[in-house]
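# Secondary and tertiary structure notes
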Amino acid sequence: RFLDNRLFATCSDDTTIALWDLRKLNTKVCTLHGHTSWVKNIEYDTNTRLLVTSGFDGNVIIWDTNRCTEDGCPHKKFFHTRFLMRMRLTPDCSKMLISTSSGYLLILHDLDLNKSLEVGSYPILRARRTTSSSDITSSGSSGARAVGSPCHQNNSGPLSEKTLSRPSQREGGSPRNSLEVLTPEVPGERDRGNCITSLQLHPKGWATLLRCSSNTDDQEWTCVYEFQEGAPVRPVSPRCSLRLTHCIEEANVGRGYIKELCFSPDGRMISSPHGFGIRLLGFDAHCSELVDCLPREASPLREIRSLYSHNDVVLTTKFSPTHCQIASGCLSGRVSLYQPKF
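Under the annotation held in an unreviewed UniProt entry, the chain carries the name DDB1- and CUL4-associated factor 10 and is attributed to Dryoscopus gambensis. Annotation of the chain in UniProt includes, under Function (unreviewed entry), the sentence "May function as a substrate receptor for CUL4-DDB1 E3 ubiquitin-protein ligase complex." The chain has a UniProt comment under Sequence similarities (unreviewed entry) that states "Belongs to the WD repeat DCAF10 family."

### A short note on the side chain of Thr222
Mapped onto the elements, Thr222 comes out in strand S16 (residues 220-227). Residues in contact with Thr222, not counting those within four places in the same chain, are Leu209, Leu210, Arg211, His246, Cys247, Ile248, Glu250, Leu261, Ser272 and Leu301.

### Side note on the layout of surface pockets
If you add up the space inside the second largest pocket, you get close to 350 Å³. Every residue lining the second largest pocket is counted, 16 residues in all, and those nearest its centre are Leu280, Leu307, Ile326, Gln339 and Pro340. Within the lining of the second largest pocket, the residues separate by chemical class into nine nonpolar, five polar and two charged.

### Quick look at unusual backbone geometry
Negative phi characterises most residues that are not glycine, and trans characterises most peptide bonds. Positioned with a positive phi, Phe83 is a non-glycine residue whose angle comes to about 60°. Of the residues examined, Phe83 reaches a relative accessible area of 21% and is grouped as partly exposed. One non-glycine residue with positive phi stands out, namely Asp110, at about 50°. Inspection of the secondary structure puts Asp110 in the loop between strand S10 (105-109) and strand S11 (128-129).

### Description of the nonpolar core
Membership of the largest hydrophobic core comes to 19 residues, with the highest contact counts inside it found for Val52, Val60, Phe78, Phe79, Met96, Ile98 and Leu113. Looking at this core, the elements with two or more residues in it are strand S5 (50-55), strand S6 (59-64), strand S7 (75-80), strand S8 (84-89), strand S9 (96-100), S10 and strand S13 (178-183). The leading source of residues in this core is S8, at three residues. If sequence neighbours within four positions are ignored, Leu113 has contacts with Asp45, Leu50, Val52, Ile62, Lys76, Phe78 and Met96. In this structure, Leu97, Tyr225, Cys240 and Leu242 belong to the second largest nonpolar core, which totals 18 residues.

### Thoughts on the packing of aromatic side chains
Applying the stated criterion across every chain yields a total of two aromatic pairs. When the centroid spacing of 5.2 Å and the interplanar angle of 45° are considered together, the rings of Phe2 and Phe8 count as tilted. Taking relative accessible area as the criterion, Phe8 reaches 15% and is therefore assigned buried. Residues Trp38 and Phe56 carry aromatic rings whose centres are separated by 6.0 Å and whose planes lie at 35° to one another, so their mutual orientation is tilted. Linking Trp38 in the loop between strand S3 (30-33) and strand S4 (39-45) with Phe56 in the loop between S5 and S6, this pair joins segments that are 18 residues apart in sequence. Take Trp38: its relative accessible area is 34%, and that puts it in the partly exposed class.

### What to know about the pairing of strand S23 (residues 314-319)
The side chains of a regular strand alternate between the sheet's two faces. In the sheet, S23 pairs with strand S24 (residues 326-330) via five bridges, with the strands oriented antiparallel. Note on S24: the bridge partner recorded for Lys318 is Ala327. Count of turn residues in the S23/S24 antiparallel hairpin: six residues.

### Re the state of the cysteines
Under the defined criterion, the tally for this structure stands at zero disulfides. Left unpaired, Cys30 is separated from the closest cysteine sulfur, that of Cys68, by 3.5 Å.

### Quick word on the sheet that holds S5
Spatial strand order, S4-S5-S6-S7: four strands in an open sheet with antiparallel pairing. Each edge of the open sheet carries a strand with a single partner, namely S4 and S7. Ignoring strand direction, the axes of neighbouring strands in this sheet form an average angle of 25°. Of the pairings in the sheet, the one linking S6 to S7 comprises five bridges and is antiparallel in character. Across the sheet, Ile62 pairs through a bridge with Lys76, a residue of S7.

### Notes on the UniProt feature "repeat: WD" (unreviewed entry) in the chain
Under the UniProt annotation, "repeat: WD" (unreviewed entry) lies at residues 32-64. As a span, residues 32-64 carries 0% helix and 64% strand, and end to end its C-alpha atoms are 11 Å apart.

Conventions and cut-offs
Residues numbered from 1 in each chain as written. Predicted model: local features only at pLDDT ≥ 70, side-chain atom pairs only at ≥ 80, totals over all residues. Heavy atoms only, no water. UniProt positions renumbered as here; feature names shortened; annotations may be inferred. Helix = DSSP H or I, 4+ residues; strand = E, 2+ residues; numbered from the N terminus. Contact = heavy atoms within 4.5 Å. 1 Å grid on protein atoms, 1.4 Å probe; cavity = no way out; pocket = protein on both sides within 12 Å on 5 of 7 lines; lining within 4 Å. Points joined across faces, edges and corners; volume = space filled by probe spheres on them. Nonpolar A, V, L, I, M, F, W, Y, C, P; charged D, E, K, R; others polar. Buried < 20%, exposed > 50% of the residue type's maximum accessible area, 1.4 Å probe, protein only. Core = buried A, V, L, I, M, F, W, Y, C linked by side-chain atoms within 4.5 Å. Phe/Tyr/Trp six-rings, centres within 6.5 Å; stacked < 30°, edge-to-face > 60°. Pairing = 2+ DSSP bridges. Disulfide = S-S within 2.5 Å. Axes fitted to C-alpha atoms, helices over the stretch in contact; angles between N-to-C directions.

Rendered as structure tokens:
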């Protein structure tokens, strides 16, 4: 993750984060210690210059790069949840999304990274399943997978009624760092648990992109959920910020491995690992903007093109942010680059 035009950060399964300078790549600027398990995500808030990392230890840690020295950066634990898989910040850094291997998606609204969230210090906006458009109309590298509560609580249940009914701290809206707990709807998964292995955000912040697999690993889906803004009607009202708009079933090759998918820089296409290759997916056959082709009911993603060049399971893919180019990487370590023919 680049912090500016020369400084960037990398994370590692050795539990550390490293800062690097492009002008001197033979030596790290510094090594950051704070996680106790594999570190899997790096985000950066350009406004506060705070680095945000998450790992399989369940911790989200904030690093103050304004006070960075050769010995590291001051840091603090911001949030903790069980079975954490991926963490993302929206482009405007107003929300933090966290996916878990137990099928929960956590959203921290009106994000304030300067405030640490201890257990019980944040209001919870009721756990509930996300809805599809039809529901709204009718109502007006992998970690161990396990099923359990999304947050560490002292009570036996995942979310206690006492916690759920905590009133809002601000009139007419949610307080800072209010937590929404969702179980995203996945086709064919209404009666079974699922694991959210990959989490990406639309470059304009309109939607979130999830790769989900069933707990038994016999199904795998790519799903797009549109953000629905607006505070709850009442402080104790259920909130559901996401609705399923598009989805497609995946090949489910390479069971147990995490497949990282991505949006194109303009948000019109999705690149998704598919067996020994990748698929380019669109919201319609013309690669229209998401906001221009929102369906009334959840619709299938359209396959635009399939690209195969690997001899092993593809685990990751990424669009270049500046060039007309896509990269894919497979389990055996090979990286392929693709460019269109003009």
